[in-house]
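# Architecture and fold: a report
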Amino acid sequence: MTKQVQQLDRVIIRFAGDSGDGMQLTGDRFTAETAQFGNDLSTLPNFPAEIRAPAGTLPGVSSFQLHFADHDILTPGDAPNVLVAMNPAALKANLGDLPRGADIIANIDEFTKRNLSKVGYDGNPLEDDSLAEWRLHAVPLTSLTVKALEGYDISKKDAERAKNMFALGLLSWLYHRPTEGTVQFLEAKFAKKPEIAKANIAAFQAGWNYGETTESFSVSYEIKPATLRPGTYRNISGNQALAYGLIAASVQSKLPLFLGSYPITPASDILHELSKHKRFGIRTFQAEDEIAGVGAALGAAFGGSLGVTTTSGPGVALKAETVGLAVTTELPLIVVDVQRAGPSTGMPTKTEQTDLLMAMYGRNGESPVPVLAAATPSDCFTMAIEAARIALKYRTPVMLLSDGYLANGSEPWRIPEIDELPDISVLYTTEPNGDDGTYLPYLRDPETLARPWAVPGTAGLEHRIGGIEKADGTGNISYDPDNHDKMVRLRQAKIDGIDVPDLTVEDPDGDARVLVLGWGSTFGPIAAAARRVRAAGHKVAQAHLRHLNPLPANTGEVLRSYDKVLLPEINLGQLAMLLRARFLVDVISYNRVRGLPFKAAELAAVIQDVIESD
Amino acid sequence: MTDTLNGKGLALIPRTDAKQTLKDFKSDQEVRWCPGCGDYAILAAVQSFLPELGLKRENIVFVSGIGCSSRFPYYLNTYGFHSIHGRAPAIATGLAASRPDLSVWVITGDGDALSIGGNHLIHALRRNVNLNILLFNNRIYGLTKGQYSPTSEIGKITKSTPMGSLDKPFNPISLALGAEAGFVARTIDSDRKHLQGVLRQAAEHRGTSLVEIYQNCNIFNDGAFDTLKDPGVRDEITMRLEHGRPIVFGTGDNERAVRLSPTGGVEVVRRAEVSDAEILVHDAHNPDPSLAFALSRLDEPAFEHVPIGVFRSIDRPSYDQLLNEQVQAATAGTGMGSLADLLHGGDTWSIG
C-alpha cells in the first residue's frame, strides 16, 4: 500500500500518560530523533511532583510536549496538533488544550470500565461520538506490544511496559524520524539486560511497522530540516546548559568549581550533572541542608574556589543569611535559583517568575546583589558564565534566575567554539597593598570598587573577615556611624557600577509605538507573539532583560521612547513595580500565575489589545 | 582501601622551619571579652600552643559562628572568618574539603553549636572533614545576656526562664559519639597543660575532632565549673581518661575506679573493692563507641565525677581525603577534562 506523504512546516505533539508510563523518556527520544533530523524544536515537559501518583488518576498524568518546525521557533507551542493519550486520564487531562481537528492517538486497551470510571467518564469516549470533532485513532497499543513481544523471554509486565516504545515507533513513522539513535540508545540503556533491550527495540520497530501497514493512518508527514545558523548543534535543556555553563566558567576562570547543594525540584539535575564531571576538578558536596550548601560554597570561595550553590525558591529563603554574609565579606559566589511555583512548597514541578523581588531584596540590611535571568534553555549556559564573570570581577554573590520551564525544556543549541567564550580569569592578591607591607582586605579597586581576594596559604596577607561591619580599608570591626554609612553606600555603588550590556530592541520597521518588554523564560512566548502581531500587520517592538540588577544603563531611555510599554510576567507584577519606581514609567502589566508558560496566541491578543487601545 | 592519615593529620599542611612564638599568633586587635572571662585562658593556651605545630601560619584558618567565643578569630594572626550563627561547621567544611593543605579550626559555643547549628555539627562529625571543632561550653547564652542554653541544667533560672528551665540538656560528648565522631575529647579552660595536650591530639587527628572545653562565664553563669577547679575537690572528682591506662581517680580512701557494670554500662566503685583486673582500661581507639559513650554518661550525678581527656580517637578516612581521591581518580591518566569534548558530547548535528 502506498501512503500519501504530506508536507508540513511545523507540528506540535503531546505525549501524555500515567507517570509510570515513561512519557518523559518517550518525549526525550522523539526530541533526540527530531534534533538529529535537523528541525528546530522546543520542548515542554509537564509532570506531577509525586513520583508515582496513584495509577490512572488525573493527578498522575505526566506529559511531554514537543514543537518542531522547518523554521526557527521560539516556544513549545500553544496547542498540540497530535495528542498521544496512553489512558483515559491522559485524554481527560489534555483534551481541553486540543483544538478541534487535531489528531488523538489513544491506547484503547486502557479504556476499561474501571479506568474510565476512575476519572469520571460515564461512557467510553472512544466509542461514543464525543470525540467526533477530532481525528481519533484508537490503537490497542498495549496488546499490540505484548503480541509483538511474544517470542521474547521477558515477563508480561515488562512486555506491557514497552508500549511507550511502540508508540514512539508509530510516531517516528508518522513524522519520518530517523530511528538509529533510538536503537542505539536502547542498547546502551539496557546494556545489562540484553533481553529487555531487544524487546524494547522490537516494540519500537513494531510500532513503526504498524504505522506502515495499518489503515488507521493513511497519511504520513514530512517537516523539512530548518535552516539554522551554520555550526554544530545539540539539543540541550536549561539545567544541563546551566551545569555546562558553570563548568565552562570554571575552565575560563581557571578556578576549581565547588558546588554546595541540597536536592530540590527543579534544580537537582544541576547537582547531578556537575557530579558527573569531576575530571574538570569539580568538587560537588551534597550538604545536610540548604544553609550548609551555600555555607560550604562560601567557605570554598574564601579558600579560592569558584563557589556555587544551586536551589529553588524555598532554598533561597533559607540561604538568605549566608548570601548577606557573602555581600558583606565581598566574596564571589553564585546562587542559582531555578524558580518554581510558590509560596511555600507551592507546586514544585511548575514554573513561575515569582522570586525576583526575593532575589533583589530578600535579605536583612542594605544588601544589594546582582541579579541575572536566563531567557531560554541554552541561554542558561551563557548566563552561568556571565554570573561567574560578575561574581569574580566584583567579588560579590550573584543571583542567577532560571525556572522550571527553562530547566526541563530543551532546544537546539549551536555549540560555541571555546575561543568564543569570554576569558574571566582573575588573580588572587599575593602582595601587601598597604603601607609598611600591611594588607588591607577592604582597599578597593578604584574602577570596580572590588576588594582584593587573598586566599589562605598566602604568606603575609593573613587577615580576618566576617559579618560584623568593617572599617573601610582595614576591614577591622567598626561601629563608627559614618564608616557604616560609607560602607553601605560603597557596597551599593559597587553593584550599581557593574558593567552590563545595553538593552537592545527588536523593531523591524523601526517605528513601533508599543514596546513589549520581558525578562527570563517569557522570551520565547513574547517573541513568538510579537511575530504574530507583526504578521497581522501591526507594529510592535520587543526588548528582553537578562540583567535585572543592575539594569542596563539605557533601560530608562528605551522605556521612555515608546508610547506604551507592556510587561508580561508570570507573577503579579514584580519587575513592573521596580521599573515604575525607578523610571516613573507607566508600565502596563499582564500577569498570569498558572504554573505554566504563557502561550504565544494569548500574548499576541494582549499585545494587539494594547496597540489598539487608546 | 584508602589509607587514612590518622596520626598524620598535619601531613598535608605545609610546615615551616622558622621559629614561631606566641607573639606571631597575636593579632593587633584589642581583645574585648569581659574581664575574667574563661575565653582569655583558652586564647592564651591556643596562641602558645600553635607554634608547637610548626605549621606555616598562613595555612591555618579559624572559622567561627556567633557568640562570645566566636570573636576568637579576630585575635589570632592567622586567616580567619567570623561567620553567622551556627553555620561555622558548614563554612569550614567547604573550605577544608576544597583546601586539604589548610589546618582549619572551628570556634563555637554551646548555643552556636548545639542549638542553632546543631544540624551542621552532627553532620560535620559523621562526615569527618578535616576540622578541629573547639566547643566552648559555658552552659549559658552570654552575648544575648544570660538566657539558658542547651547545656544548662534543668531548672536553670535565667531571664527567659524565671521559674526554671524545663528542657533536659545535651551532653556534648554523648551527642558527638552518637553522631559517629571519630575524635571526641573534653578539657577545661583553667587547666592549660591538659587543654594543650588535648588540642595537640585533635590537630594531629585527620578528620573532624570535637573538643568540648568547659569555660567559665563570670558574668552570667559564674562558677559553673568551680567544683572542678577547687583544689580541695578537683582531684577527687576529675576522672582523667588516658588511652591504655586503667581508669582510676580520687585520692586516699576516696580513690575510685571504673569497671563494667552488670547492666552493660560502666560504673564507678571504690578502688579498694575491686581487683586490678576488674578495672576498665581506657581504649580510645576501640572501633566500638559503646564504652566511650558509657564513660560520657558518668557526668551524672552532676560533679560527683567528671571524665575529661580523649574519649575516642579512631582511624577512618576523612571526607576531604576521599573527595580529593575521587577528583584524582577522575583525572588520572587522561588528565583534566576537555571543555570542547564535553560540549560536543552526546548527539550532535552540523548545519552549513
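Residues numbered from 1 in each chain as written. Chains lettered and ligands numbered in written order. Predicted model: local features only at pLDDT ≥ 70, side-chain atom pairs only at ≥ 80, totals over all residues.

### Notes on the overall build of chain B
Our working rule: Per the convention used, a helix needs a DSSP run of H or I reaching at least four residues, while a strand needs a run of E reaching at least two, with both numbered from the N terminus. Labels follow a simple rule on C-beta atoms placed from the backbone: if 20 or more others lie within 10 Å of a residue's own, it is buried; if 12 or fewer, it is exposed; otherwise it is partly exposed. Throughout, a pair of residues is in contact if the C-beta atoms placed from their backbones lie within 7 Å.
In terms of helices and strands, chain B carries 11 helices and 12 strands. Considered along the principal axes of its C-alpha atoms, chain B spans approximately 95 × 50 × 45 Å. Taking all 352 residues of chain B together, 47% fall into the buried category. Restricting the contact set of chain B to residue pairs at least 6 apart, pairs at least 24 apart contribute 68%.

### Regarding the UniProt feature "domain: Pyruvate/ketoisovalerate oxidoreductase catalytic" (unreviewed entry) in chain A
Filter applied, for reference: UniProt positions are given in the numbering used here, feature names are shortened, and annotations may be inferred rather than shown by experiment.
Here the UniProt-annotated "domain: Pyruvate/ketoisovalerate oxidoreductase catalytic" (unreviewed entry) positions come out as residues 20-207 of chain A. Structurally, residues 20-207 of chain A is divided into 41% helix and 16% strand, and its ends, taken at the C-alpha atoms, are 20 Å apart.

### Describing the sheet that holds strand 9 (residues 256-260) of chain B
Residue and element names in this part refer to chain B. Let me state the cut-off plainly: Being paired, for any two strands, means DSSP has found at least two bridges between them.
Across the sheet, which stays open at both edges, the 3 strands sit in the order 8-9-10 with antiparallel pairing between neighbours. With partners counted over all chains shown, the strands left at the sheet margins are strand 8 (248-249) and strand 10 (266-270), one partner each. For strand 8 and strand 9, the ladder comprises 2 bridges, and the chain directions are antiparallel. Bridging from a neighbouring strand, valine 248 pairs with alanine 257 of strand 9.

### Some remarks on the nonpolar core
The nonpolar side chains of a soluble globular protein tend to be buried with one another. Note the cut-off: By convention the nonpolar core is taken to be a set of buried residues drawn from Ala, Val, Leu, Ile, Met, Phe, Trp, Tyr and Cys and joined through C-beta atoms within 7 Å.
If you look at the biggest cluster of nonpolar residues, it comprises 260 residues, and the most contacted ones within it are Ala384, Leu400 and Ile607 of chain A. Of all the elements, helix 14 (residues 379-394) of chain A adds the most residues to this core, at 11 residues. Membership of the second largest hydrophobic core comes to 6 residues, among which are Cys37, Ile140, Tyr148 and Phe220 of chain B.

### Quick look at the confidence of the model for chain B
Low pLDDT means the predicted coordinates in that region are not meant to be read closely. To keep it simple, the criterion reads: Per-residue confidence from the predictor is given as pLDDT, running between 0 and 100.
Confidence along chain B averages 94 in pLDDT terms, with 98% of residues attaining 70 or more. Predicted complex metrics record ipTM = 0.97 and pTM = 0.93.

### Here we look at the UniProt feature "domain: Thiamine pyrophosphate enzyme TPP-binding" (unreviewed entry) in chain B
Per the UniProt record, "domain: Thiamine pyrophosphate enzyme TPP-binding" (unreviewed entry) is found at residues 66-213 of chain B. Helix and strand shares over residues 66-213 of chain B are 32% and 20% respectively, and the end C-alpha atoms of the span are 17 Å apart.

### A word on the sheet that holds strand 6 (residues 209-214) of chain B
Test applied: Angular values range over 0 to 180 degrees, each being the angle between N-to-C directions of two axes fitted as lines to C-alpha atoms, with helices fitted over their stretch in contact.
Here 9 strands make up an open sheet; going across it, the order is 17(A)-2(B)-1(B)-3(B)-4(B)-6(B)-5(B)-11(B)-7(B) and the pairing mixed. Since the sheet does not close on itself, it has two edges, and those belong to strand 17 (464-466) of chain A together with strand 7 (238-241) of chain B, each with one partner. Strand-to-strand twist in this sheet, taken as the mean axis angle between neighbours without regard to direction, amounts to 20°. Summarising the sheet, strand 3 (residues 103-109) of chain B and strand 4 (residues 131-137) of chain B pair through 6 bridges and their orientation is parallel. Following the sheet pairing, glycine 109 of chain B is matched in strand 4 of chain B by phenylalanine 136 of chain B. Across the face of the sheet, helix 2 (residues 88-98) of chain B comes into contact with strand 1 (60-64), strand 2 (79-82), strand 3 and strand 4 of chain B while running at roughly 175° to strand 3 of chain B.

### Topic: the packing of helix 9 (residues 238-253) of chain A against helix 10 (residues 268-275) of chain A
The description of two helices packed together rests on the angle between their axes and the distance between the axes. Residues and elements named next belong to chain A. To keep it simple, the criterion reads: Orientation labels follow simple angle bins: below 35 degrees gives roughly parallel, above 145 gives roughly antiparallel, 65 to 115 gives roughly perpendicular, and whatever is left gives oblique. Helix crossings get a hand from a simple test, with the near helix turned counterclockwise from the far one by less than a right angle marking a left-handed crossing and a clockwise turn marking a right-handed one.
Contact geometry of helix 9 with helix 10 gives a least axis separation of 9 Å together with a crossing angle of 45°. Regarding the angle of helix 9 to helix 10, the classification is oblique. Classified by chirality, the crossing of helix 10 by helix 9 is right-handed. Between helix 9, through Asn239, Gln240, Leu242, Ala243 and Leu246, and helix 10, the contact on the second element is made entirely by Asp269, Ile270, Glu273 and Leu274.

### With respect to the domain arrangement of chain A
It is common to report an interface's size as the accessible area lost on association of the parts. All names here are of chain A. Selection criterion: Domain start and stop points were drawn from an automatic or database domain assignment. Residue classes follow a fixed rule: Ala, Val, Leu, Ile, Met, Phe, Trp, Tyr, Cys and Pro count as nonpolar, while Asp, Glu, Lys and Arg count as charged, and any other residue, Gly among them, counts as polar.
Domain boundaries assigned for chain A yield domain 1 (4-222), domain 2 (234-420) and domain 3 (505-612). Once you take the C-alpha centre of each, domain 1 and domain 3 turn out to be 36 Å apart. Domain 1 puts 4 residues into the contact, and the matching count from domain 3 is 7 residues. Among the residues forming the side of domain 1 that touches domain 3, the class breakdown is 1 nonpolar, 2 polar and 1 charged.

### Some points on the interface of chain B and chain A
Listed as interface residues are 51 residues of chain B and, on the opposing side, 57 residues of chain A. Broken down by secondary-structure element, the contributors of at least two residues to the side of chain B that touches chain A are strand 2, helix 2, helix 4 (118-127), helix 10 (319-331), helix 11 (339-343) and strand 12 (348-351) of chain B. Broken down by element, the side of chain B that touches chain A gets its largest block of residues, 8 residues, from helix 2 of chain B. When grouped by side-chain class, the residues that make up the side of chain B that touches chain A number 22 nonpolar, 22 polar and 7 charged.

### Things to note about the environment of leucine 578 of chain A
Looking at the element boundaries, leucine 578 of chain A is found in helix 19 (residues 574-583). Sequence separation between leucine 578 of chain A and leucine 357 of chain A is 221 residues, and the spatial gap between their C-alpha atoms is 8.7 Å.

### Quick word on unusual backbone geometry
Residue and element names in this part refer to chain A. That bond from glycine 342 to proline 343 is cis: its omega, 0°, falls within 30 degrees of zero. If you trace the backbone, proline 343 turns up in the loop between strand 13 (333-339) and helix 13 (356-361). Of the consecutive residues asparagine 549 and proline 550, the connecting peptide bond is found in the cis state with omega at -10°. Here proline 550 lies in the loop between strand 21 (547-549) and helix 18 (555-560). Even without being glycine, leucine 584 reaches a positive phi, approximately 55°. For leucine 584, the location among the structural elements is in the loop between helix 19 and strand 23 (588-591). With 10 C-beta atoms packed within 10 Å, leucine 584 lands in the exposed category.

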